[in-house]
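Residue-level structure breakdown
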Amino acid sequence: MTRHHSVRSYLGAALILAIVAAIGAAAQSLLSIEKATITIAGTSNVHDYRATTADAKITKVQFGSHVAGATFWDEVQKPGGLTAFDLVIKADSLKSSKDGLDKNMYKALKTKEHPMITFSLKRMEGAPGALQAIGVLQIAGVEREVTLPLKTTRKGDALAVSGEIDVLMTDYGIAPPKAMMGMVKADPKVTVTFDVQLGAASTN
């Protein structure tokens, strides 16, 4: 192989990679989170507790070939409309009203080793307005398949998505937090609620 041919091959490969990256970036930029409220609520033998974050980001999104134009949001909500959707939440962005509780929560979530809570969509089921998102939820480095029931509502050019799911901390290798020498014990079940507003860069 000549040097010139080698250079051309290299430039050709670089161009292909650049095009692929540009296509991926364009698809990802099409969908964004305009605002989000995600809450984890639980109980203990002494009191209830809750921690909330607005720090949620989309890291991957792909659409079916038929998703475009004025019916964008309707098509996205149909099976096959959204073929990939990855969401990440910074675990230590969850905040309660008590610093001591947060400290114990971060320790239980192993935030130093696993700073992100992630959800990766596998498929969508149901119909617009009452959907189910089946995907993989990763907490503290442990993955479990979950089914998220979704309520969707159009809000102008945006789509509001909300729902809740019960999660057992022990399913993710998390020991329920304790305090006051073990006198305060948390229930292993927590309820995760989410209210997210999705925006599209263009629906035309």
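Conventions adopted
- By convention here, each chain's residues receive numbers from 1 onward along its written sequence.
- With pLDDT at 70 or above as the cut-off, local features in this predicted model cover only qualifying residues; side-chain atom pairs require 80 or more to be listed or tallied, and sums for whole chains, interfaces and linings still use all residues.
- For the side-chain quantities, the full set of heavy atoms in the structure was used; hydrogens and water were omitted.
- Any two rings among Phe, Tyr and Trp, with Trp reduced to its six-membered ring, count as a pair given centres within 6.5 Å; such a pair is stacked if its planes are under 30 degrees apart, edge-to-face if over 60, and tilted if neither.
- The buried label goes to any residue with under 20% of its type's maximum accessible area, the exposed label to any with over 50%, and the partly exposed label to all in between, with areas taken from a 1.4 Å probe on protein chains only.
- Here a strand is any run of E in DSSP of at least two residues, a helix any run of H or I of at least four, and the numbering for each starts at the N terminus.
- Should any heavy atoms of two residues lie within 4.5 Å, those residues are counted as being in contact.
- A score between 0 and 100, pLDDT records how confident the predictor is in each residue.
- Charge counting treats Lys and Arg as positive and Asp and Glu as negative, with His and both chain ends excluded.
- Any Lys or Arg side-chain nitrogen found within 4 Å of a carboxyl oxygen on Asp or Glu counts as a salt bridge.
- Nonpolar cores were defined as sets of buried Ala, Val, Leu, Ile, Met, Phe, Trp, Tyr and Cys residues, with membership established by side-chain atoms within 4.5 Å.
- Criterion used throughout: strands pair if DSSP finds at least two bridges between them.
- Distance and chemistry together define a polar contact, namely a pair of N or O atoms within 3.5 Å, with one atom able to donate a hydrogen and the other to accept it when in protein, and with adjacent residues in sequence counting only for side-chain atoms on both sides.
- Directions drawn from the helix axis to the C-beta atoms are what define this arc.

Before going further, it helps to spend a moment on the packing of aromatic side chains. Under the criterion given, the structure shown has two aromatic pairs. On the numbers, 5.5 Å between centres and 65° between planes, the contact of Phe63 with Phe72 is edge-to-face. The pair formed by Phe63 and Phe72 is uniform in burial state, with each residue classed as buried. Aromatic pair Phe72 and Trp73: ring centres 5.0 Å apart, planes at 75°, arrangement edge-to-face.

The next thing to look at is the side chain of Glu75. Within the secondary structure layout, Glu75 lies in helix α2 (residues 72-76). Contacts of Glu75, omitting those with residues within four sequence positions, involve His66, Val67 and Gly81.

Even without glycine at this site, Lys110 takes up a positive phi of about 55°. Note on placement: Lys110 falls in the loop between α3 (99-109) and β5 (116-127). Owing to a relative accessible area of 31%, Lys110 belongs among the partly exposed residues under this scheme. Residues other than glycine seldom take positive phi values, yet Ala140 does so here, at roughly 55°. Position of Ala140 among the secondary structure elements: in the loop between β6 (130-139) and β7 (142-155).

Before going further, it helps to examine the confidence of the model for the protein chain. Per-residue confidence for the protein chain gives a mean pLDDT of 82; residues scoring 70 or more make up 79%. Long-range and interchain partners of residues 12-29, a stretch whose pLDDT sits below 50, account for seven contacts in this model, where long-range means more than four residues apart.

Tracing the backbone shows Asp102 in helix α3. Here Asp102 occupies a buried position and makes no salt bridge, while the nearest side chain of opposite charge, Lys95, is found at 5.2 Å. The contacts of Asp102, once residues within four sequence positions are left out, are Leu94, Lys95 and Ser96.

Okay, the nonpolar core next. The biggest cluster of nonpolar side chains holds 49 residues, and the ones touching the most others in it are Leu31 and Ile139. With six residues, the top contributor of residues to this core is strand β10 (residues 184-200). Filtering out sequence-adjacent residues up to four positions away, Ile139 remains in contact with Leu109, Ile117, Val167, Tyr172 and Ile174.

Turning next to the pairing of strand β8 (residues 158-168). Two elements, β7 and β8, share five bridges in a ladder whose sense is antiparallel. For Lys155, the partnering residue across the bridge sits in β8 and is Ala158. The turn linking β7 back onto β8 is made up of two residues, and Gly156 within it adopts a positive phi angle of 65°.

So, on to the environment of Glu145. Mapped onto the fold, Glu145 is located in strand β7. The spatial distance from the C-alpha of Glu145 to the C-alpha of Gly135 is 5.6 Å, given a sequence separation of 10 residues. Beyond its immediate stretch of four places on either side in the chain, Glu145 contacts Lys122, Ile134, Gly135 and Val136. Of the polar contacts made by the side chain of Glu145, one reaches the side chain of Lys122; its length is 2.8 Å.

Okay, α3 next. Buried residues of α3: Asp102, Met105, Tyr106, Ala108 and Leu109, and no others. End-on view of α3: buried residues confined to an arc of 160°, all on one side of the axis. The exposed residues of α3 that point more than 90 degrees off its buried face are Lys103 and Lys107. On its buried face, α3 is in contact with β2 (48-53) and β6. Phi turns positive, to about 55°, at Lys110, one or two residues after α3.

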